[in-house]
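Residue-level structure breakdown
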Amino acid sequence: MIRAVLMDIDDTLLDFGASVREAIRTGFARYGLGECTDETLAVFHRVSGELWRALEQGSLTYEQLLEIRWNGVFEALGISFDGRLFERFFVDCLFDSAIPIAGAEEILSYLRTRCILCASSNAPYDQQINRLRRSGMLDSFAHLFISEKLGVSKPSRAFFDCCMADLNRDLPGNAAIQPQEVLVVGDSLSSDMKGGINSGMQTCLYDPNGQGTRGMAVDYVIASLDGLREIL
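Note that this is a predicted model, so its numbers are computed, not measured.

This part is about the pattern of salt bridges. What the rule picks out here adds up to ten salt bridges. Asp 8 serves as the salt-bridge partner of Lys 154, at 3.1 Å between the closest nitrogen and oxygen. Note that Lys 154 is positioned in the loop between helix H7 (147-150) and helix H8 (157-167) and Asp 8 in strand S1 (residues 4-8), a separation of 146 residues in sequence. Taken individually, Lys 154 and Asp 8 each receive the classification buried, so the pair is uniform in this respect. Salt-bridge contacts for Asp 96 lead to Arg 134; the nearest nitrogen and oxygen are separated by 4.0 Å. Of this pair, Asp 96 sits in the loop between helix H4 (83-95) and helix H5 (104-111) while Arg 134 sits in helix H6 (residues 125-135); the two residues are 38 residues apart in sequence, bridging distant segments of the chain. The exposure class of Asp 96 is partly exposed, given its relative accessible area of 40%.

Here you go:
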């Protein structure tokens, strides 16, 4: 029985990729950096992805990521520009961008009547709260588990231990939610799935692009959010 769901936000509920494209194109136009091409986007995702993996592994802080990310992107693209200045503009754009994934609002309405629905994210707290509010999704969640507030990030066991402690804070011992009664839903194998598996929780990979599980022992794989109706 699934009693609680930990739902990732970026690229699971909100289309972070679309927000990124919009922010980069706007920034390139604002600062006269030329056309934002497919290569530009590919380089950004490669550099940013490497830094986020370092953050997940605990070898980089979010503040350090912001300091070096766009300097690394510009270096790879051969563009001479202040990466820290562009990062500030980029983050400001993302703060107000809330583009829902298809079916997100409908599945949240469905889930909130069947389980304790929680949001989980490694992104900045104020940014995620604002984006959820702008999308109309914020009130769907009973708990908001954001790494900046918890002081630990997915996929660490400590992040999921904090989630369990908060879920059970007001429940008597005999009614406590067990890890195997929690479903972790997200698009990331290295963050959501790895963390959920290592914490003894059930896992559901949101996989609209067919990346596959790469041998990871994921419990469920769905190509659309509507697939959660067959699990809960």
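Having seen it, we continue.
A word on the side chain of Asn 168. With respect to the helices and strands, the residue Asn 168 is situated in the loop between H8 and strand S4 (182-186). Asn 168 sits in the buried class, given a relative accessible area of 18%. Other than its neighbours up to four places away in sequence, Asn 168 contacts Ala 176 and Ile 177.

Before going further, it helps to examine the sheet that holds strand S5 (residues 202-206). Judged by pairing direction, the sheet is parallel, and its six strands sit side by side in the order S3-S2-S1-S4-S5-S6 without closing on themselves. Strands with a single pairing partner mark the edges of an open sheet, and in this sheet they are strand S3 (143-146) and strand S6 (220-222). With direction set aside, neighbouring strand axes in the sheet form an average angle of 20°. Looking at chain direction, S5 and S6 are connected through three bridges and run parallel. If you follow Tyr 206 over to S6, its bridge partner there is Ile 222. Contacting strand S2 (116-121) and S3, H6 runs over the sheet at an angle of about 140° to S3.

Next up on the list: helix H1 (residues 16-30). In this model, H1 (15 residues) spans 21 Å end to end at C-alpha, consistent with the 21 Å of a helix rising 1.5 Å per residue. Of all the positions in H1, only Phe 16, Gly 17, Ala 18, Ser 19, Val 20, Ala 23, Ile 24, Gly 27 and Phe 28 are classed as buried. Packing partners of the buried residues in H1 comprise helix H2 (38-56), helix H3 (62-77), H4 and H6. Between the side-chain oxygen of the N-cap and the backbone nitrogen of Gly 17 there are 3.3 Å, and the N-cap of H1 in question is Asp 15. Backbone geometry just downstream of H1 places Gly 32 in the positive-phi region, at approximately 60°.

On to the pairing of S3. Bridge count between S2 and S3: four bridges; the pairing is parallel. What sits directly across from Ala 119, in S3, is Leu 144. Taken together, S2, H6 and S3 form a β-α-β motif whose crossover is right-handed.

The rules behind each value
Residues numbered from 1 in each chain as written. Predicted model: local features only at pLDDT ≥ 70, side-chain atom pairs only at ≥ 80, totals over all residues. Heavy atoms only, no water. Salt bridge = Lys/Arg side-chain N within 4 Å of Asp/Glu carboxyl O. Helix = DSSP H or I, 4+ residues; strand = E, 2+ residues; numbered from the N terminus. Buried < 20%, exposed > 50% of the residue type's maximum accessible area, 1.4 Å probe, protein only. Contact = heavy atoms within 4.5 Å. Pairing = 2+ DSSP bridges. Axes fitted to C-alpha atoms, helices over the stretch in contact; angles between N-to-C directions. Expected span 1.5 Å × (residues − 1). Polar contact = N/O pair within 3.5 Å; in protein donor to acceptor, adjacent residues only side chain to side chain. Right-handed = clockwise from strand over helix to strand, strands pointing away.

In short, shape yes, function no, at least from these values alone.
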